[in-house]
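# Structural description and commentary
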Amino acid sequence: MPKPGIAEWRTEAARDRFIEMEDELWLERWPDPPAALDVDSYAGTTRVYRWPGTGEPIVFLHGMGGTGLTWSAYVERLAGREMYAIDTIGDVGHSRQRMVIEDAAGLARWLDETLTGAGIERAHLVGTSYGGYLALNLGVRVPERVASLTLIDSGGLAPVRLGRFLLWGLPMLLGAVAPAPIRRRLARRRPMLEDSRIMRMALHAQMNHPFKLPGPAPVTDDELRSVTAPTVVIVAERSAPFASRVQVERAGLIPNADIDVIRGASHEVSWTHVDRCVARMERCR
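Not measured: the values here are computed from a predicted model. (Residues numbered from 1 in each chain as written. Predicted model: local features only at pLDDT ≥ 70, side-chain atom pairs only at ≥ 80, totals over all residues. Heavy atoms only, no water.)

### What to know about the overall build of the protein
To keep things clear, this is the line we draw: In DSSP terms, a helix is any run of H or I states spanning at least four residues, a strand is any run of E spanning at least two, and both are numbered starting from the N terminus. Between buried and exposed lies partly exposed: a residue is buried under 20% and exposed over 50% of the maximum accessible area for its type, with that area taken using a 1.4 Å probe on protein chains only. Every residue pair with non-hydrogen atoms within 4.5 Å of one another is taken to be in contact. Methods summary: accessible areas were calculated by the Shrake-Rupley approach with a probe of 1.4 Å, and residue burial reflects only the protein chains presented.
Within the protein one finds eleven helices and nine strands. Looking at the protein as a whole, 56% of its 285 residues are labelled buried. Residue pairs at least 24 apart in sequence account for 78% of intrachain contacts in the protein once pairs closer than 6 positions are excluded. On the protein, roughly 12,400 Å² of surface is accessible, and the fraction owed to carbon and sulfur atoms is 53%.

### Things to note about the packing of helix 1 (residues 12–29) against helix 7 (residues 196–208)
To keep things clear, this is the line we draw: For every element, the axis is a line fit to its C-alpha atoms; helices are fit only across the contacting stretch, and the angle between N-to-C directions ranges from 0 to 180 degrees. Just so you know how the angles are binned, under 35 degrees is roughly parallel, over 145 roughly antiparallel, 65 to 115 roughly perpendicular, and the rest oblique. By convention, the crossing between two helices is left-handed when the near helix turns anticlockwise from the far helix through less than a right angle, and right-handed when the turn is clockwise.
Between helix 1 and helix 7, the least distance of the axes is 10 Å, while the angle of their chain directions is 155°. With respect to each other, helix 1 and helix 7 are oriented roughly antiparallel. Note on packing geometry: the crossing formed by helix 1 with helix 7 is left-handed. Residues Ala14, Arg17, Phe18, Met21, Glu22, Glu24, Leu25 and Glu28 of helix 1 touch helix 7, and the partners they reach there are Arg197, Ile198, Arg200, Met201, His204, Ala205 and Asn208.

### As for the side chain of asparagine 137
The topology assignment puts asparagine 137 in helix 4 (residues 130–141). In contact with asparagine 137, other than residues within four places in its own chain, are Ala104, Leu107 and Ala108.

### Some remarks on the environment of glycine 131
Summarising the element assignment, glycine 131 is placed in helix 4. Residue glycine 131 is classed as buried on the basis of its relative accessible area, which comes to 0%. In this structure, the C-alpha to C-alpha distance between glycine 131 and aspartate 153, residues 22 residues apart in sequence, is 9.7 Å.

### Some words on the packing of helix 3 (residues 104–117) against helix 4
Selection rule: All amino acids are sorted into three groups, where Ala, Val, Leu, Ile, Met, Phe, Trp, Tyr, Cys and Pro are nonpolar, Asp, Glu, Lys and Arg are charged, and the leftover types, Gly among them, are polar.
For the pair helix 3 and helix 4, the least separation of the axes is 9 Å and the interaxial angle reads 90°. Classified by the interaxial angle, the pair formed by helix 3 and helix 4 is roughly perpendicular. Contact residues: Ala104, Ala105, Leu107, Ala108, Trp110, Leu111, Asp112 and Leu115 in helix 3; Tyr130, Tyr133, Leu134, Asn137, Leu138 and Arg141 in helix 4. Here the contact of helix 3 with helix 4 is composed, by residue class, of eleven nonpolar, one polar and two charged.

### Considering the pairing of strand 1 (residues 35–41)
To keep things clear, this is the line we draw: At least two bridges found by DSSP between two strands are what make those strands a pair.
As paired strands, strand 1 and strand 2 (residues 44–51) are joined by seven bridges and run antiparallel to one another. Across the sheet, residue aspartate 40 finds its bridge partner in strand 2, namely threonine 45. Between strand 1 and the antiparallel strand that follows it, strand 2, lie two residues.

### Looking at the nonpolar core
Formally: Side-chain atoms within 4.5 Å link the members of a nonpolar core, which is a set of buried Ala, Val, Leu, Ile, Met, Phe, Trp, Tyr and Cys residues.
Trp110, Leu136 and Leu149 are the most contacted members of the largest nonpolar core, which has 42 residues in total. Those elements that place two or more of their residues in this core are strand 3 (54–61), strand 4 (81–86), helix 3, strand 6 (123–129), helix 4, strand 7 (146–154) and strand 8 (231–236). At seven residues, the largest contribution of residues to this core is made by helix 4. Of all hydrophobic cores here, the second largest spans 35 residues; its members include Ile19, Phe60, Tyr74 and Met201.

### Things to note about the packing of aromatic side chains
Just so we agree on the cut-off: Pairing of aromatic side chains here covers Phe, Tyr and the six-membered ring of Trp, requires ring centres within 6.5 Å, and sorts the geometry by plane angle: under 30 degrees stacked, over 60 edge-to-face, intermediate tilted.
The tally for this structure, following the rule as stated, stands at nine aromatic pairs. Ring geometry for tryptophan 26 and tryptophan 51: centres 6.3 Å apart, planes at 25°, overall stacked. One end of the pair, tryptophan 26, is in helix 1; the other, tryptophan 51, is in strand 2, and 25 residues separate them in sequence. Across the pair, exposure class does not vary: tryptophan 26 and tryptophan 51 are buried alike. Each ring, one from tyrosine 130 and one from phenylalanine 211, has its centre 5.2 Å from the other, and the planes form 85°; the classification is edge-to-face. Residue tyrosine 130 is located in helix 4, and its partner phenylalanine 211 is located in the loop between helix 7 and helix 8 (221–226); the two are separated by 81 residues in the primary sequence. Each of the two residues, tyrosine 130 as well as phenylalanine 211, counts as buried. One aromatic cluster is present, built from ring pairs that chain together Trp26, Trp30, Tyr49 and Trp51.

### Looking at helix 3
Applicable threshold: Each residue after the first adds 1.5 Å to the expected span of a helix. Between N or O atoms, a polar contact is any pair within 3.5 Å; within protein, one atom must be a potential hydrogen donor and the other a potential acceptor, and residues adjacent in sequence are included only when both atoms are from side chains.
For helix 3, which comprises 14 residues, the first-to-last C-alpha distance of 20 Å matches the rise-based estimate of 20 Å (1.5 Å per residue) to within 8%. Three or more residues of helix 3 are buried, namely Ala104, Gly106, Leu107, Ala108, Trp110, Leu111, Thr114 and Leu115. Contacts made by the buried residues of helix 3 are with strand 1, strand 2, strand 3, strand 4 and helix 4. Sitting at the head of helix 3, aspartate 103 places a side-chain oxygen 3.3 Å from the backbone nitrogen of alanine 105. Just downstream of helix 3, glycine 119 is the residue with a positive phi angle, here 80°.

Such coordinate-based values are descriptive only and should not be taken to indicate function.
Here it is as structure tokens:
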């Protein structure tokens, strides 16, 4: 991972184009849109979407290159719960970074301040990939904030296998601009390609918005043993960025962790196995 810095779009036109594509999907998915809160923290302004409801809040944290829109299918299945989806600062979406986040402690401070600004005292955190790392990192550093953790093929457990990750992502990014017949064939193995608009957004972001947050380095064994929140760890058997065997081994250090290995699933497991992941969130109920 490069040295942390302030992530910016290469041009305002590139940002405007991404927001235009995303807003189109938001409107399609949510004609009556959720409340959009812009919350200040030391690192900048973070966009937080809120769906009102009952129960202790659920907060969703997306993976690298995603936005709060990533979690639409989960929000639909959990309708009636108090839910929030955060656009990670320093990533694409509506959040705006002003200060460099130097390390894991800085990430925890940003998320802690964001929850405070959104009026959330304690929450069930659900994260995938980099979002899982953010959730786990807060669970380690600010445990009083965390009612439970649901980590879906999450960073923070195993080292990133960057080469495999890039090879995994390349067919999807190229498939976004492939002719429809080729894209449909690729989608048999990579279901995210079924909606080319989402993949075009991802390709646009990859080309125009460098990622400059601290990398999702594995937390220490002692930190894993210190986690007090009830934790569910969902592991994709064929994960490209994180070796599944290592994920399972290190997740076993978390006291009373519930570990679920999804056979045949790859890193987009939060997308391809929504019902399975929602079912494993029973500790959020």
